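Spelled out from the first residue to the last, the chains are:
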Amino acid sequence: MSDFNKLADTVFRGDFFGAEQITKELIEKGIDPLAIINQGLIAGMDIVAPKFKAGEMFVPEVMMAARAMATGMELVKPLIKDTDVPSKGTVIIGTVAGDLHDIGKNLVAMILESGGFKVIDLGVDVSVEAFVEAAKKHNPQVIGMSALLTTTMLAMKDTIDALTEAGLRKNLKVIVGGAPLSVEFSAQIGADDYASDAMAAKELCEKLLG
Ligand code: B1M
């Protein structure tokens, strides 16, 4: 097994100590940091993603794998310039106002990040104003909102309306997700689309950004 395959395997197994050790060894050998990311760390998440989609891996395992990938990324990131890392686009993500659930949102953020998107995570209980300010500041291609409560999902419409009023909707896609939502609800509130899970969110962002 090559060093890259070994690293990918540690990510797939959620072995963050292994991922840390092999990433360090590859850095010490002078291997190109981008190769470590693409052929080792991201390659590991590429094994995870279809298995999660097929129901062969579950949320805790995916989170462990994403952590292992992040452990390696932390070591490699300081060695590369931001401009060297190809990005599929910037996604701002957050759980809407009044809602503190973040397990699913964090999973979506991790899968998007491992899929090559730059993710700015605003956290939980994110006000309408905070989404609008972040959109102005970071100029993202996508805003992703998460809600787990039937009461807080209504804040999504307020946020979309505020983004429209601020003139920010033209080049900005809005996606929504969370257990009580549906594709019908996303259409009703004027979102671009709905994703049922983290993998679907990644595929949706890729589709929307063409
Ligand atoms: Co809460 N809670 N909770 N809770 N909680 C639910 C959501 C509930 C369904 C439980 C129940 O009654 N059966 C219920 C909501 C009922 C409703 O509104 N119809 C509920 C309630 C009522 C509450 C409180 C009001 C309870 C109380 O205090 N009386 C309270 C509200 C607090 C608040 O937010 N203001 C509350 C609090 C909590 C905890 C803090 C204890 C904890 C949250 C911890 C945390 O997130 N850090 C909690 C939890 C854990 C749950 C359940 C048990 C699990 C949620 C979860 O993490 N699932 C939940 C019941 C359930 O769902 N079975 C429940 C795992 C996660 C991976 O899945 O979040 O669905 P999920 O994310 C998925 C998809 O939905 C999707 O992808 C994810 C991964 O595949 N997705 C997106 C999510 N966001 C997305 C965004 C996207 C795309 C896809 O694009 C941007």
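These numbers come from a predicted model, not from an experiment.

Rules behind the numbers
- Residues numbered from 1 in each chain as written.
- Predicted model: local features only at pLDDT ≥ 70, side-chain atom pairs only at ≥ 80, totals over all residues.
- Heavy atoms only, no water.
- 1 Å grid on protein atoms, 1.4 Å probe; cavity = no way out; pocket = protein on both sides within 12 Å on 5 of 7 lines; lining within 4 Å.
- Points joined across faces, edges and corners; volume = space filled by probe spheres on them.
- Helix = DSSP H or I, 4+ residues; strand = E, 2+ residues; numbered from the N terminus.
- Nonpolar A, V, L, I, M, F, W, Y, C, P; charged D, E, K, R; others polar.
- Axes fitted to C-alpha atoms, helices over the stretch in contact; angles between N-to-C directions.
- Parallel < 35°, antiparallel > 145°, perpendicular 65-115°, else oblique.
- Left-handed = near helix turned anticlockwise from the far one by under 90°.
- Contact = heavy atoms within 4.5 Å.
- Near = heavy atom within 4 Å.
- Polar contact = N/O pair within 3.5 Å; in protein donor to acceptor, adjacent residues only side chain to side chain.

Caption draft 1: Looking closely at the layout of surface pockets. As a volume, the second largest pocket reaches approximately 350 Å³. Around the second largest pocket, the lining comprises 25 residues; the ones closest to its centre are Gly104, Val108, Gly178, Asp197 and Ala198. Listing elements by their share of the lining of the second largest pocket, those giving two or more residues are strand S1 (90–95), helix H5 (103–114), strand S3 (142–146), strand S4 (173–177) and helix H9 (198–208). A per-element tally of the lining of the second largest pocket places H5 first, with 6 residues. Residues belonging to the lining of the second largest pocket are distributed by class as follows: 17 nonpolar, 6 polar and 2 charged.

Caption draft 2: Here's a closer look at the packing of helix H1 (residues 3–12) against helix H2 (residues 16–28). Packing of H1 against H2 leaves a shortest axis separation of 8 Å and a crossing angle of 155 degrees. Considering the angle they form, H1 stands roughly antiparallel to H2. Remark: the crossing between H1 and H2 carries left-handed chirality. On H2, the residues that touch Asp3, Phe4, Lys6, Leu7 and Thr10 of H1 are Gly18, Ala19, Ile22, Thr23 and Leu26. Of the residues in the contact of H1 with H2, the class split is 5 nonpolar, 3 polar and 2 charged.

Caption draft 3: Focus on the site of the ligand. Lining the immediate surroundings of the ligand are 26 residues, of which Leu100, His101, Asp102, Ser146 and Thr150 lie closest. Alanine 179 is positioned such that a nitrogen or oxygen atom in its backbone is 3.3 Å from an oxygen atom of the ligand. Every element with two or more residues in the shell around the ligand is listed here: H5, S3, S4 and H9. The element best represented in the shell around the ligand is H5, accounting for 4 residues. Classifying every residue of the shell around the ligand by side-chain character gives 14 nonpolar, 9 polar and 3 charged.

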